[in-house]
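Per-entry structural report
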Amino acid sequence: MVTWADAVSAVQLLREGGCGGILPPARPIHHSAQLDRAAEQWAAGRSLTAATEQSGYEAESTSGLHISGPETSTVQTLRRSSCRTVTRQDLRDMGVYKRGLDTWIVLASPYAAPAVAQAPMLASRTLDLVNQVRARGTHCGERSFGPVPPVKLSQPLAEVAFGHASDMATHNYFEHEDLAGHSPADRVRAVGYREKLVGENIAYGPKSADEVVQGWLDSPGHCENIMDPRFAEMGIAYAPGRASKKGLYWVQLLAAPRA
């Protein structure tokens with residue numbers, strides 16, 4: 001009987017062999033020092049999510065395993081209790097923390113920001129979601145809004161939105177007013193857009209159009225912007241953060257152009 005002296009090797013063996021041939025083989029997993037720290041924090045009592053975030057690892061998804069027993073039984077223990085987890089195709093990295101006979105294993109898939117090529121698709125999806133709620137009406141907190149006309153995408157507004165999203169991502173801030181003191185209306189006018197009214201929604205963290213729009217609808221002020229019948233055009237953009245903040249910065253501009 002083959003025994004393996006560490007959890008990393010045990011997981012590699014089970015992934016390579018499809019957990020003894022009962023599941024499809026999975027590609028090798030990478031040992032991550034960040035996830036080692038996450039496993040240690042998890043063992044210390046933090047939630048798995050908080051431990052992973054504190055480690056600095058940007059995770060799309062995580063899974064944690066806590067097993068007990070001698071190292072020589074690791075393969076058998078994981079095969080018996082956790083085959084589907086250790087052979088998940090989406091999990092790419094792992095970390096381990098051991099204390100006595102207890103072992104904590106954190107498996108994760110890294111977060112990947114949507115590619116630039118996906119931007120048109122995300123803009124189209126956001127427009128669909130916004131116009132769906134405008135067509136049916138909704139409640140924004142205690143205010144009730146009936147159906148209002150749809151908005152259409154505006155390339156100039158999208159470019160302004162991207163400029164502000166990128167600036168926030170690059171300089172690690174989250175405000176409607178940029179570092180030069182310009183308001184959303186100032187930025188719109190700077191590209192020659194003639195506006196009667198401008199509204200802006202921003203968000204940090206959502207990973208999809210559905211998530212960001214739902215977040216705005218759940219916030220009365222942002223929701224009221226989306227439902228304002230005076231707005232006729234929209235621009236939407238995102239930019240991935242840098243340094244310690246690697247989530248997405250989103251900017252939605254809504255405007256009523258002058259005739």
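Let me begin by describing the structure that accompanies this report. (Residues numbered from 1 in each chain as written. Predicted model: local features only at pLDDT ≥ 70, side-chain atom pairs only at ≥ 80, totals over all residues. Heavy atoms only, no water.)

**A short note on the overall build of the protein**
A count of helical and extended segments in the protein gives 11 helices and 10 strands. Here the C-alpha atoms of the protein give a radius of gyration of 24 Å, more than 25% beyond the 18 Å that 2.2 N^0.38 yields for 259 residues. The principal-axis extents of the C-alpha atoms in the protein amount to approximately 80 × 40 × 35 Å. Considering the protein as a whole, with its 259 residues, one finds that 45% of them fall into the buried category. Long-range contacts, defined as pairs at least 24 residues apart, comprise 68% of the intrachain contacts of the protein with a sequence gap of at least 6. Entry remark: accessible area of the protein is about 13,100 Å², with carbon and sulfur atoms responsible for 53%. Computing the positive centroid from 26 side-chain charges and the negative centroid from 27, the protein places the two 3 Å apart. (Helix = DSSP H or I, 4+ residues; strand = E, 2+ residues; numbered from the N terminus. Rg over C-alpha atoms; globule rule 2.2 N^0.38 Å. Buried < 20%, exposed > 50% of the residue type's maximum accessible area, 1.4 Å probe, protein only. Contact = heavy atoms within 4.5 Å. Areas by Shrake-Rupley, 256 points an atom, 1.4 Å probe, with all protein chains shown as cover. Lys, Arg positive; Asp, Glu negative; His and termini not counted. Charge placed at Lys NZ, Arg CZ, Asp CG, Glu CD.)

**Remarks on the nonpolar core**
Counting residues in each nonpolar core, the largest one holds 27 residues, and the members touching the most others are Trp216, Ile226, Met227, Met234 and Trp250. Listed by contribution, the elements that provide at least two residues to this core are α7 (119–136), α10 (209–217), α11 (220–227), β9 (233–240) and β10 (248–257). When residues in this core are grouped by element, the largest group, six residues, is from α7. Once you skip the residues sitting within four places of it in the chain, Met227 turns out to touch Val133, Arg134, Gly137, Thr138, Cys140, Phe145, Gly146 and Val148. Val8, Cys83, Val86 and Met94 belong to the second largest nonpolar core, which has 19 residues in total. (Core = buried A, V, L, I, M, F, W, Y, C linked by side-chain atoms within 4.5 Å.)

**Digging into the sheet that holds strand β1 (residues 30–31)**
The sheet built from four strands is open, its strands ordered β1-β3-β4-β2 with mixed pairing. Two strands lie at the open edges of the sheet, namely β1 and β2 (59–68), each paired on one side alone. Pairing analysis gives two bridges linking β1 to strand β3 (residues 93–99), with the strands arranged parallel. In the strand pairing of β3, His31 is matched with Met94. Across the sheet, helix α1 (residues 7–16) touches β1, β3 and β4 (102–110), and the angle it forms with β3 is around 140°. (Pairing = 2+ DSSP bridges. Axes fitted to C-alpha atoms, helices over the stretch in contact; angles between N-to-C directions.)

**Description of the environment of Arg230**
Relative to the helices and strands, Arg230 resides in the loop between α11 and β9. The spacing of Arg230 and Gly17 is 213 residues in sequence and 61 Å in space, taken between C-alpha atoms. Sequence-distant contacts of Arg230, that is, excluding residues within four places in its chain, are made with Leu197 and Ala256. One polar contact links Arg230 to Asp228, side chain to side chain, over a distance of 2.7 Å. (Polar contact = N/O pair within 3.5 Å; in protein donor to acceptor, adjacent residues only side chain to side chain.)

**Points about the state of the cysteines**
In this structure the tally under the stated criterion is two disulfides. One disulfide bridge connects Cys19 with Cys83, the sulfur atoms lying 1.8 Å from each other. In this structure the cystine formed by Cys19 and Cys83 twists about its S-S bond by roughly -80°; its chirality is therefore left-handed. A residue pair is termed long-range when its members are at least 10 positions apart, and Cys19 in helix α2 (residues 18–21) and Cys83 in helix α6 (residues 83–86) qualify at 64 residues. There is no split in this pair, since Cys19 and Cys83 are both buried. Note on cysteine connectivity: Cys140 is disulfide-linked to Cys223, with sulfurs 2.0 Å apart. Disulfide Cys140-Cys223: torsion about the S-S bond near -60°, hence left-handed. On the criterion of sequence distance, the pair formed by Cys140 in strand β5 (residues 138–140) and Cys223 in helix α11 is long-range, its members being 83 residues apart. In this structure, Cys140 and Cys223 share a single accessibility class: buried. (Disulfide = S-S within 2.5 Å.)

**Digging into the pairing of β3**
Each regular strand shows side chains that alternate between the opposite faces of the sheet. The pairing of β3 with β4 spans seven bridges and is antiparallel. Bridge assignment links Arg99 to a residue of β4, and that residue is Asp102. Two successive antiparallel strands, β3 and β4, enclose a turn made up of two residues, where Gly100 displays a positive phi of approximately 65°.

**Thoughts on the pairing of strand β8 (residues 195–204)**
Among the 10 residues that make up β8, seven are buried, leaving the element largely enclosed by the rest of the structure. Where β8 meets β10, nine bridges bridge the pair, whose relative direction is antiparallel. Paired with Asn201 across the bridge in β10 is Gln252.

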